[in-house]
Amino acid sequence: MPVLRTLSKVAKQALLVSQGCGCQPLTVAVRNISFSPRQVTSDASFHSVSFSETDHPKVLITGGLGQLGVGLAKVLRKKFGNNNVILSDIRKPPSHVFHSGPFIYSDILDYKNLREIVVNNRITWLVHYSALLSAVGEANVPLARAVNITGLHNILDIAAEHGLRLFVPSTIGAFGPTSPRNPTPDLCIQRPRTIYGVSKVHAELMGEYYHHRYGLDFRCLRYPGIISADSQPGGGTTDYAVQIFHDAIKTGKFECNLRPDTRLPMMYIDDCLRATVEIMESPVDTLSMRTYNINAMSFTPEELAQEVMKQLPDLEVSYDVDQVRQAIADSWPMNFDDDNARRDWGWKHDYDLPELVQTMFNYIGSETRLAQVN
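So, how was this worked out
- Residues numbered from 1 in each chain as written.
- Predicted model: local features only at pLDDT ≥ 70, side-chain atom pairs only at ≥ 80, totals over all residues.
- Heavy atoms only, no water.
- Helix = DSSP H or I, 4+ residues; strand = E, 2+ residues; numbered from the N terminus.
- Buried < 20%, exposed > 50% of the residue type's maximum accessible area, 1.4 Å probe, protein only.
- Contact = heavy atoms within 4.5 Å.
- Polar contact = N/O pair within 3.5 Å; in protein donor to acceptor, adjacent residues only side chain to side chain.
- Phe/Tyr/Trp six-rings, centres within 6.5 Å; stacked < 30°, edge-to-face > 60°.
- Pairing = 2+ DSSP bridges.
- Axes fitted to C-alpha atoms, helices over the stretch in contact; angles between N-to-C directions.
- Core = buried A, V, L, I, M, F, W, Y, C linked by side-chain atoms within 4.5 Å.
- Expected span 1.5 Å × (residues − 1).
- Parallel < 35°, antiparallel > 145°, perpendicular 65-115°, else oblique.
- Left-handed = near helix turned anticlockwise from the far one by under 90°.
- Nonpolar A, V, L, I, M, F, W, Y, C, P; charged D, E, K, R; others polar.

Caption draft 1: Focus on the overall build of the protein. From N to C terminus, the protein includes 13 helices and 13 strands. Across the 374 residues of the protein, 50% fall into the buried class.

And the structure:
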């Protein structure tokens with residue numbers, strides 16, 4: 001701000017001089033000066049690059065080595081071209097990810113590093129997946145606060161400054177025990193009890209604030225529990241729904257850390273990735289809000305186990321309840337109301353519980369048989 005105030009003073013003085021001598025007013029090229037949205041004036045406005053200006057979006061995915069990043073990169077590369085989608089993370093990628101397309105080191109807590117990546121690669125879409133999940137975040141609150149909140153601020157500022165279309169996922173964890181649980185609408189009271197949930201509510205509100213204040217093209221989906229066959233559980237409260245398939249095939253035994261009657265909304269990863277692409281491609285005038293619920297199915301550990309046992313009748317299921325994770329699950333929605341997403345931009349899921357179980361067994365079973373042969 002000191003630089004802008006100085007320039008403003010110079011401009012006023014120049015205008016006074018020009019009026020006294022009959023000269024043309026002096027124009028000061030303030031817009032050519034590089035700045036951060038942390039110095040944005042109240043009348044600032046930013047706009048995303050329109051698709052008429054570029055053949056395809058140039059996409060950067062932060063936290064790209066997580067459960068969703070690799071899968072989304074695969075979908076987007078097929079759609080927009082391999083070199084138009086850049087995965088990033090602070091970890092070293094496995095060989096198959098590194099050789100599948102562009103990968104770059106990116107630390108969301110390093111503002112300068114992020115800014116250089118966006119500028120040097122002419123990024124137009126930013127998908128922000130970097131975050132510490134629910135159970136992991138509760139074990140390390142200071143780190144979760146830094147990654148989930150401070151990192152988000154860097155992302156918002158850079159996205160606004162460079163006119164990006166920004167996607168930040170939210171979660172069932174953005175709701176709390178005082179929220180309506182069955183179903184949970186898009187707009188209702190949100191009082192989460194975890195640092196993960198608090199940071200996601202913060203992300204929703206900050207993104208919408210930047211949209212209304214600066215014109216940032218912010219888009220957000222509240223994901224239910226996501227189930228994926230090609231990644232290991234990553235510390236989330238809903239990860240039992242992934243672990244059961246691995247344990248069922250490998251050992252024939254599964255121990256669940258939630259009560260058998262704990263109902264939560266869930267979604268197969270292919271539906272999740274498709275929803276993300278669809279919301280990012282939706283025309284602005286179809287969006288009545290900037291943060292949407294999306295849903296596919298809702299089940300309990302007992303219901304999932306029963307469906308699994310239709311294919312593996314000898315599976316032994318036991319319950320050893322983790323009180324921390326159970327308390328988290330009890331504060332979350334049992335079912336999502338996603339009518340707005342279905343009405344505004346045509347969201348429709350493909351996978352219900354039977355299709356989910358069959359797909360998981362097809363994938364994990366084939367992987368296991370291949371490993372045994374090798």
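Caption draft 2: A look at the environment of His 128. With respect to the secondary-structure elements, His 128 resides in strand β4 (residues 125–128). C-alpha separation for the pair His 128 and Pro 169, spaced 41 residues apart in sequence, amounts to 7.3 Å. In contact with His 128, other than residues within four places in its own chain, are Thr 62, Ile 108, Leu 152, Ile 155, Leu 166, Phe 167, Val 168 and Pro 169. Within the structure, the side chain of His 128 is placed 2.8 Å from the side chain of Thr 62, a separation counted as a polar contact.

Caption draft 3: Layout of the packing of aromatic side chains. Enumeration over the complete set of coordinates arrives at eleven aromatic pairs. For the pair Phe 80 and Trp 125, a centre-to-centre distance of 5.5 Å together with 90° between the ring planes defines the contact as edge-to-face. Linking Phe 80 in helix α2 (residues 69–80) with Trp 125 in strand β4, this pair joins segments that are 45 residues apart in sequence. Owing to a relative accessible area of 9%, Phe 80 belongs among the buried residues under this scheme. On the basis of relative accessibility, which here comes to 4%, the residue Trp 125 falls in the buried class. Taking 6.3 Å as the distance between ring centres and 85° as the angle between the ring planes, the aromatic pair formed by Tyr 209 and Tyr 214 counts as edge-to-face. What makes Tyr 209 partly exposed here is its relative accessible area of 39%. What links up through ring pairs into an aromatic cluster is the set Tyr 129, Phe 167 and Tyr 223.

Caption draft 4: Structural detail: the sheet that holds strand β10 (residues 264–268). Ordered by their spatial adjacency, three strands build an open sheet running β8-β10-β12, and the pairing between neighbours is mixed. Edge strands, defined here as strands with exactly one partner in the open sheet, are β8 (225–227) and β12 (297–299). Neighbouring strand axes in the sheet, compared pairwise and without regard to direction, differ in orientation by 45° on average. For β10 and β12, the ladder comprises three bridges, and the chain directions are antiparallel. Among the inter-strand pairings, Met 266 is bridged to a residue of β12, identified as Met 297. Packed on one face of the sheet, helix α8 (residues 240–250) meets β8, β10 and β12 and runs near 25° to β8. In this fold helix α9 (residues 269–281) packs onto β8 and β10, with an angle of close to 80° to the strand it touches most, β10.

Caption draft 5: Spotlight on the nonpolar core. With 68 residues, the main nonpolar core has Ile 61, Phe 299, Leu 304 and Trp 345 as its most contacted residues. Here this core takes seven residues from α9, the largest share from any one element. If near-sequence neighbours (up to four positions away) are discounted, Trp 345 is found in contact with Leu 221, Ala 275, Glu 278, Ile 279, Ser 282, Leu 287, Tyr 292 and Ile 294. Among the nonpolar cores identified, the runner-up in size contains 28 residues, and Leu 164, Tyr 210, Leu 216 and Phe 218 belong to it.

Caption draft 6: Expanded view of helix α6 (residues 141–161). End to end, α6 covers 29 Å across 21 residues, agreeing with the expected 30 Å (1.5 Å per residue, within 8%). Where α6 begins, the capping side chain belongs to Asn 140, and its oxygen is found 3.2 Å from the backbone nitrogen of Leu 143. Downstream of α6 by one or two residues, Gly 163 has phi in the positive range, about 60°.

Caption draft 7: The arrangement of the pairing of strand β1 (residues 59–62) in detail. Both faces of β1 are covered, namely the face carrying Val 59 and Ile 61 and the face carrying Leu 60 and Thr 62. Relative to strand β2 (residues 85–89), β1 runs parallel, the two sharing three bridges. Bridge pairing links Ile 61 to Leu 87 in β2. Looking at chain direction, β1 and β4 are connected through four bridges and run parallel. Across the sheet, Val 59 pairs through a bridge with Trp 125, a residue of β4.

Caption draft 8: Up close: the pairing of strand β7 (residues 217–223). Most of β7 is tucked away, with seven of its seven residues classed as buried. On β7, burial covers both faces: Asp 217, Arg 219, Leu 221 and Tyr 223 on one face and Phe 218, Cys 220 and Arg 222 on the other are all buried. Direction of pairing for strand β5 (residues 165–167) relative to β7: parallel, over a ladder of three bridges. The residue of β7 that forms the bridge with Phe 167 is Arg 219. Sheet analysis places strand β6 (residues 170–171) next to β7, joined by two bridges and oriented parallel. The partner of Thr 171 across the bridge, within β7, is Tyr 223. Relative to strand β11 (residues 291–293), β7 runs parallel, the two sharing three bridges. Bridge pairing links Cys 220 to Thr 291 in β11.

Caption draft 9: Fine view of the packing of α8 against helix α10 (residues 301–309). Their axes nearest at 11 Å, the elements α8 and α10 cross at an angle of 30°. Comparing the axis directions of α8 and α10 gives the class roughly parallel. The crossing of α8 and α10 is right-handed. Residues Tyr 240, Ala 241, Ile 244, Phe 245 and Ala 248 of α8 form the contact with α10, whose participating residues are Pro 301, Leu 304, Ala 305 and Val 308. Here the contact of α8 with α10 is composed, by residue class, of nine nonpolar, no polar and no charged.

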